[in-house]
Amino acid sequence: MAVSSKFLAFAALFFYFTVSPSIQSSFRPKALVLPVSKDASTLQYITQIKQRIPLVPVKLTLDLGGEYLWVDCEQGYVSSSYKPARCNSAQCSLARSKSCGTCFDGPKPGCNNNTCSLLPANTVSNSGTIGEVAQDVVSVQSTNGKNPGKVVSVSEFLFTCGSTFLLEGLASGVKGIAGLGRTKISMSSQFAAAFSFHRKFAVCLSSSSSSNGVIFFGDGPYTFLPNNMEISKSLIYTPLILNPVSTSPAFFEGEPSSDYFIGVKGIKINGKAVRLNTTLLSINKEGRGGTKISTVNPYTVMETSIYRAVVNAFVKAIFKVPRVPAVAPFGACFKSKSIGSTRVGPAVPQIDLVLQNKHVIWRIFGANSMVQVSNDVLCLGFVDGGLNPTTSIVIGGHQIEDNVLQFDLATSRLGFSSSLLFRQTTCANFNFTSNA
């Protein structure tokens, strides 16, 4: 939902300043690392930071395109280092807040007078609210790309206070959302500013709910066991595209999207082009259409005509395998015992996303295209997104598991590895044994 004109009538506009979070450490790391786990019941990807003084662990749902870190300040937020962002401050300007006001139930975290606000959003439940912008200590581990190293802290890390109701639909124990999107106050941008990193981060999601994947903030190496395989030097690159219109559930008018869009030009199955309405693959002036990458959607969601074309082409290419009744939310399911196995998952037709030209493709193999819903049934892991979705193709979590995705904000490009299974490793093979 966009903010109403009545709300905007009360908004205050701020001059632009830049600010870098200060560092509580003489050691300056070259990169940071966070573990990321898969919640078996919700299929959300969960990470954890330490925040506040005294430091407490805070579980967060990972939102790749989320605008910033927000946490629930209504229940149990206790910190001696909490600082609300005052109206007209550099912090409010950096956050691009357009709202400034008072709170009559404070002072307390999330409720202070003369503070600016943002619109924290739960992208799982598609809900949003208004929340106070604030600063507090955030502590994470550094890395050399092979192991975690010393713990480092950012003393004035900007975030937004959400409300307890905004946690609805998030995994058990989660207290907010870790936003890594295209804003100046996303977690990735703030870490880069605080430690003078390259403006890069990489995500590698594990396909297992019992083994952690990894997020790297900063440049490579990104090294995985068993053979200390370094992935960052062998990525394929495609431009990141800026959608000029916000795709968040709650936003100020005029804001661009913080999601990461890429230019999918076509789709092939077993090398054969699928006939699509290619107009849907471009972003129009209202910000609709195109292709984005999401860690909030567990499976890839496609506009109905694209979905039907892909499913029909896939079924045609796998015609020798018996179909079985569909299992929601999927539309095409098959008898798993009739499908062989390979190093990269079930032996099914490969799906290629054709990018900036015919030579640049994102190839999706069986491990990322198929979902085992029971011992006897495998389903094509794509979901019908309806006739008029905001975004035509949303590449979901299952399709990017055991792939390294590097987001380079300085050059506005995505680096991707394709399946690590080809290299006989997985995203669960980062060595989290500390060398500090």
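Going by the structure above, here's the rest.
Residues numbered from 1 in each chain as written. Predicted model: local features only at pLDDT ≥ 70, side-chain atom pairs only at ≥ 80, totals over all residues. Heavy atoms only, no water.

Engineer: Can you explain unusual backbone geometry? Please cite residues and give values.
Structural biologist: The linkage connecting I53 with the following residue, P54, adopts the cis geometry, with an omega of 0°. On the secondary structure map, P54 appears in the loop between β2 (45-51) and β3 (56-63). In this chain, L225 is followed by P226 through a cis amide linkage whose omega measures 5°. One can find P226 in the loop between β15 (223-224) and β16 (229-230). You will see that N114, though not glycine, has its phi angle at about 55°, which is positive. Counting through the fold element by element, N114 comes out in the loop between β6 (99-101) and β7 (115-118). The class for N114 is partly exposed, based on a relative accessible area of 41%. (Helix = DSSP H or I, 4+ residues; strand = E, 2+ residues; numbered from the N terminus. Buried < 20%, exposed > 50% of the residue type's maximum accessible area, 1.4 Å probe, protein only.)

Engineer: Describe the state of the cysteines, naming the residues involved and giving the relevant values.
Structural biologist: Per the counting criterion, the structure on display carries six disulfides. The side chain of C87 participates in a disulfide bridge whose partner is C100; the two sulfur atoms lie 1.5 Å from each other. Between C87 and C100 the disulfide shows an S-S torsion of about 105°. By sign, it is right-handed. Note that C87 is positioned in the loop between β5 (83-84) and α2 (90-94) and C100 in strand β6, a separation of 13 residues in sequence. Disulfide pairing is shown between C204 and C427; the S-S distance is 1.9 Å. Residues C204 and C427 are joined by a disulfide whose S-S torsion is about -80°; by sign, that bridge is left-handed. Here the residue C204 occupies a position in strand β13 (residues 200-204), and C427 occupies one in the segment after β34 (413-419), the gap between them amounting to 223 residues. With respect to class, C204 is no different from C427; both count as buried. Within the chain, bonded cysteines paired by disulfides and numbered along the sequence follow the pattern 1-8, 2-4, 3-7, 5-6, 9-12, 10-11. (Disulfide = S-S within 2.5 Å.)

Engineer: Residue-level account of the sheet that holds strand β28 (residues 361-364), with values.
Structural biologist: Taken in spatial order, the four strands of this open sheet run β20-β19-β27-β28, and their pairing is antiparallel. Single-partner strands in this sheet number two, and they are β20 (272-273) and β28. The sheet strands contacting helix α4 (residues 304-317) are β19 (266-269) and β27 (351-354), and the helix crosses β19 at an angle near 20°. (Pairing = 2+ DSSP bridges. Contact = heavy atoms within 4.5 Å. Axes fitted to C-alpha atoms, helices over the stretch in contact; angles between N-to-C directions.)

Engineer: Before we move on, could you go through the pairing of β34 and cite the residues and values that matter?
Structural biologist: It is a general feature of regular strands that their side chains alternate between the two faces of the sheet. Counting buried residues along β34, six of its seven residues qualify, which places the element largely inside the surrounding structure. Where strand β17 (residues 236-241) meets β34, four bridges bridge the pair, whose relative direction is antiparallel. Bridge assignment links P239 to a residue of β34, and that residue is R413. Taken together, the five bridges between strand β33 (residues 403-408) and β34 define a ladder with antiparallel strand orientation. Residue pairing in the sheet places L405 in a bridge with F416 of β34. Linking β33 back to β34 in an antiparallel pair, the connection comprises four residues, with S412 at a positive phi of about 55°.

Engineer: So what's going on with the nonpolar core? Residues and values would help.
Structural biologist: Formed by 77 residues in total, the largest nonpolar core has its most connected members in F191, I267, I293 and W362. At seven residues, the largest contribution of residues to this core is made by α4. Once you skip the residues sitting within four places of it in the chain, I267 turns out to touch K272, A273, V274, L276, M302, I306, V310, I351, D352, L353 and I393. Counting residues in each nonpolar core, the second largest holds 21 residues, with Y68, L94, A171 and I177 among its members. (Core = buried A, V, L, I, M, F, W, Y, C linked by side-chain atoms within 4.5 Å.)

Engineer: Residues and numbers for the pattern of salt bridges, please.
Structural biologist: Throughout the structure, instances matching the rule amount to eight salt bridges. Of the charged contacts in the structure, one is a salt bridge between R363 and D352, with a shortest N-O distance of 2.8 Å. Placement of R363 in strand β28 and of D352 in strand β27 is noted, with a sequence separation of eleven residues between them. By relative accessible area, which is 28% here, R363 ends up partly exposed. Residue D352 is classed as buried on the basis of its relative accessible area of 3%. (Salt bridge = Lys/Arg side-chain N within 4 Å of Asp/Glu carboxyl O.)

Engineer: Go over the packing of aromatic side chains, please, and point to the residues and values.
Structural biologist: Per the stated rule, a full pass over the model turns up 18 aromatic pairs. Geometrically, the ring pair formed by Y77 and F159 is stacked, given 6.0 Å between the ring centres and 15° between the ring planes. Residue Y77 is located in the loop between β4 (70-72) and β5, and its partner F159 is located in strand β11 (residues 148-162); the two are separated by 82 residues in the primary sequence. Ring geometry for F201 versus F217: centroids 6.4 Å apart, planes at 35°, classification tilted. Taken together, the residues span a long stretch of sequence, with F201 in strand β13 and F217 in strand β14 (residues 213-218) at a distance of 16 residues. Like F217, F201 is buried. A network of ring pairs unites the aromatic residues F157, F191, F201, F217, Y260 and F407 as a single cluster. The ring of Y77 carries the charged tip of R52 above its face, separated from the ring centre by 3.9 Å. Taking NZ or CZ as reference, R413 lies 3.6 Å from the ring centre of Y237, over its face. (Phe/Tyr/Trp six-rings, centres within 6.5 Å; stacked < 30°, edge-to-face > 60°. Lys NZ or Arg CZ within 6 Å of the ring centre and 35° of its normal.)

Engineer: Lay out the sheet that holds strand β29 (residues 370-372) with the relevant residues and their values.
Structural biologist: In space, the four strands of this open sheet follow the order β23-β24-β30-β29, with antiparallel pairing throughout. The open sheet has two free edges, formed respectively by β23 (323-324) and β29, since each of these has just one partner strand. Inspection of the sheet shows strand β24 (residues 333-335) paired to strand β30 (residues 377-380) by three bridges, in the antiparallel sense. Paired with C333 across the bridge in β30 is C379.

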